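Inside the fold
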Amino acid sequence: MRPKASQALNLKVLLLGVFLAFLLLFVLRSGLSSSSSQENGASPILQTFSPAKTSDGAIKESKSTADHCSPTCNKIPRSLAQALIHYSTSAITPQQTLKEISVTAKVLEKKSPCNFLVFGLGHDSLMWSSLNHGGRTVFLEEDEAWIEQIRRRFPILESYHVTYDSKVNQADNLMDVGRGPECTAVGDPKYSMCQLALKGLPSEVYEMKWDLIMVDAPTGYYEEAPGRMTAIYTAGMMARNKEGGGKTDVFVHDVNREVEDKFSMAFLCQGYMKKQEGRLRHFRIPSHKDSLDRPFCPE
């Protein structure tokens, strides 16, 4: 998720435009909410800033924000303000293109506040967290030093260190392993017998019902790198094992590379793919918990 070089200036301008549009929408919506609440005799503070919890603990706005806001103000969220300042002053832009970012942003627009799991921590992390304002966005990163660097700059981001024991040069063997019955059986990845399942993630990652999962890490551009084989498989299994039914939107970046291409098609399934934009693929995977006879991939 970290760019290897600065992107073109026009991408930075376009990305800033997306945030400004989001800001304008927030202000307009807040204004309409305030007008409506005044007509109904309700407090505009309570209408605009009272907490709204989702089924899995995602909170739309904290009470502390309401406590520090006058009845006439329409504060933008702190995370959004920080993101606007960061991306308007930084020379480094996200590695994904505007069109690729827009695919995920459209889904977030419909689902947020929601639970969003991201494999990777980079220059786009503050953007994803801001676009999921009021929800829970968790980042999983392989580089401990990088985590500490980002935490110092953006302490509001929730991130965890993850270790991978796979390598890109093992991809062919892992693909064969993944076709076995222990890997196609739906279950909690934490207790899976499949070699592809990540079992050392923080407990809350397994317990949460994720609405969106983005696979943009770990490193996968050289033979000795960890590769994204296990991250892709685990994302797909989390979606299939989701309690309470529903569908999970899963995104995989860098599908121009062999591992990301083959493993996303094999374990997230071509039949579940909704769209490909540039190097990004979008899959929508239903829960298999309520239909255990459902095939691993749709026929």
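Quick note: structure is the one above.
Right, let's get into the pattern of salt bridges. Per the stated rule, a full pass over the model turns up 17 salt bridges. Note that Asp249 and Lys111 form a salt bridge whose closest N and O atoms lie 2.6 Å from each other. Note that Asp249 is positioned in strand S5 (residues 247-253) and Lys111 in helix H5 (residues 98-111), a separation of 138 residues in sequence. Residue Asp249 is classed as buried on the basis of its relative accessible area of 0%. Glu260 is the partner of Arg257 in a salt bridge, and the nearest nitrogen-oxygen pair spans 2.7 Å. Here Arg257 and Glu260 have matching classes, each one buried. Among the charged side chains, a network of salt bridges with common partners joins Glu100, Asp216, Arg228, Asp254, Arg257, Glu260 and Arg279.

Most of strand S2 (residues 136-141) is tucked away: five of the six residues are buried. Pairing analysis gives five bridges linking strand S1 (residues 115-119) to S2, with the strands arranged parallel. The partner of Leu117 across the bridge, within S2, is Val138. Each parallel crossover has a hand, and the one from S1 via helix H6 (residues 125-131) to S2 is right-handed. Where S2 meets strand S3 (residues 158-161), four bridges bridge the pair, whose relative direction is parallel. Each residue of the ladder has a partner; that of Glu141, found in S3, is His161. In this region the chain leaves S2, passes through helix H7 (residues 144-153) and returns to the parallel neighbour S3; the handedness of that crossover is right-handed.

With that settled, the discussion passes to the sheet that holds strand S7 (residues 280-286). Read from one edge of the open sheet, seven strands run S3-S2-S1-S4-S5-S7-S6, paired in mixed fashion. Of all strands in the sheet, those with a lone pairing partner are S3 and strand S6 (273-277), marking the two edges. If you compare each strand with its neighbour and ignore which way they point, the axes differ by 15 degrees on average. Taken together, the four bridges between S1 and strand S4 (residues 212-215) define a ladder with parallel strand orientation. Following the sheet pairing, Phe119 is matched in S4 by Val215. Taken strand by strand, H7 contacts S2 and S3, and its axis lies near 165 degrees from that of S3. Relative to S7, helix H12 (residues 258-269) is tilted by about 15 degrees, and along the sheet it contacts S5, S6 and S7.

Applying the stated criterion across every chain, the model contains five aromatic pairs. Ring centres 6.0 Å apart and planes at 80 degrees place the aromatic pair Phe116 and Trp128 in the edge-to-face group. With Phe116 in strand S1 and Trp128 in helix H6, the pair connects residues that are 12 residues apart, well separated along the chain. In this pair, the class of Phe116 matches that of Trp128, namely buried. Counting every residue linked through ring pairs, the aromatic cluster contains Tyr233, Phe263, Phe267 and Phe296. Note that Arg240 overlies the ring of Phe296, its terminal NZ or CZ placed 3.7 Å from the centroid.

Cut-off values and rules
Residues numbered from 1 in each chain as written. Predicted model: local features only at pLDDT ≥ 70, side-chain atom pairs only at ≥ 80, totals over all residues. Heavy atoms only, no water. Salt bridge = Lys/Arg side-chain N within 4 Å of Asp/Glu carboxyl O. Helix = DSSP H or I, 4+ residues; strand = E, 2+ residues; numbered from the N terminus. Buried < 20%, exposed > 50% of the residue type's maximum accessible area, 1.4 Å probe, protein only. Pairing = 2+ DSSP bridges. Right-handed = clockwise from strand over helix to strand, strands pointing away. Axes fitted to C-alpha atoms, helices over the stretch in contact; angles between N-to-C directions. Contact = heavy atoms within 4.5 Å. Phe/Tyr/Trp six-rings, centres within 6.5 Å; stacked < 30°, edge-to-face > 60°. Lys NZ or Arg CZ within 6 Å of the ring centre and 35° of its normal.

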